[in-house]
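Examining the three-dimensional arrangement
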Amino acid sequence: MKKFALAFAALSSFAAVAAHAEMVVTDTDGNGTYSMEEMKATYTDLTEDTFKAIDTNADGQIDADELSAAVAAGTLAG
């Protein structure tokens, strides 16, 4: 029973880490920011309205700071 409890605790810890792992958006064009298309490749349910809300400087791209802020605020799942 003790081995089961230790194994369960280890698996629970792994699941918690996996659930909190940040999703990775790929900058496919290498310009240092993320377009709607690049974001949708990772966040498939992303809407245009949410994209615009995340794009706080309204340049039509998401930079690393905007992405981090959206994840921290819960706007995007991490």
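The sections below set out a description of the structure shown in this document.

For the protein, the helix and strand inventory stands at 4 helices and 0 strands. Expressed as a percentage of its 78 residues, the buried residues of the protein come to 26%. Taking contacts inside the protein between residues at least 6 apart in sequence as the whole, the part at least 24 apart equals 32%.

Moving on to the nonpolar core. Grouped together as the largest cluster of nonpolar side chains are 13 residues, with contacts concentrated most on Met-39, Tyr-43, Leu-46, Ile-62, Leu-67 and Leu-76. Secondary structure elements with two or more residues in this core: helix H2 (36–42), helix H3 (48–54) and helix H4 (64–73). Top contributing element to this core by residue count: H4, with 3 residues. The residues contacting Leu-46, other than those within four sequence positions of it, are Met-36, Met-39, Lys-40, Phe-51, Ile-54 and Leu-76.

This paragraph deals with the side chain of Asp-55. On the secondary structure map, Asp-55 appears in the loop between H3 and H4. Although Asp-55 lies buried, it forms no salt bridge, and the closest oppositely charged side chain, Lys-52, sits 9.0 Å away as judged by the N-O distance. When near neighbours in sequence (up to four residues on either side) are disregarded, Asp-55 contacts Gly-60, Gln-61, Ile-62 and Glu-66.

Reading the values: rules and limits
All chains use their own residue numbering, which begins from 1 and follows the written sequence. Confidence filtering applies because this is a predicted model: local features only for residues at pLDDT of at least 70, side-chain atom pairs given and counted only at 80 or more, and all residues used for totals across whole chains, interfaces and linings. Values shown for side chains rest on all heavy atoms present in the structure; no hydrogens or waters enter the calculation. Secondary structure is summarised from DSSP: a helix means a run of H or I of at least four residues, a strand means a run of E of at least two, and numbering begins at the N terminus for each. A simple rule labels every residue: compare its accessible area, found with a 1.4 Å probe on the protein chains alone, to the largest value its type can have, and call it buried under 20%, exposed over 50%, or partly exposed in between. It only takes one pair of heavy atoms within 4.5 Å for two residues to be counted as in contact. Note on terminology: a nonpolar core comprises buried Ala, Val, Leu, Ile, Met, Phe, Trp, Tyr and Cys residues joined through side-chain atoms within 4.5 Å. In summary, the charge assignment counts Lys and Arg as positive and Asp and Glu as negative, without counting His or the chain termini. Here, a salt bridge means any Lys or Arg side-chain nitrogen found within 4 Å of an Asp or Glu carboxyl oxygen.

No statement about biological role is implied by the geometric values presented.
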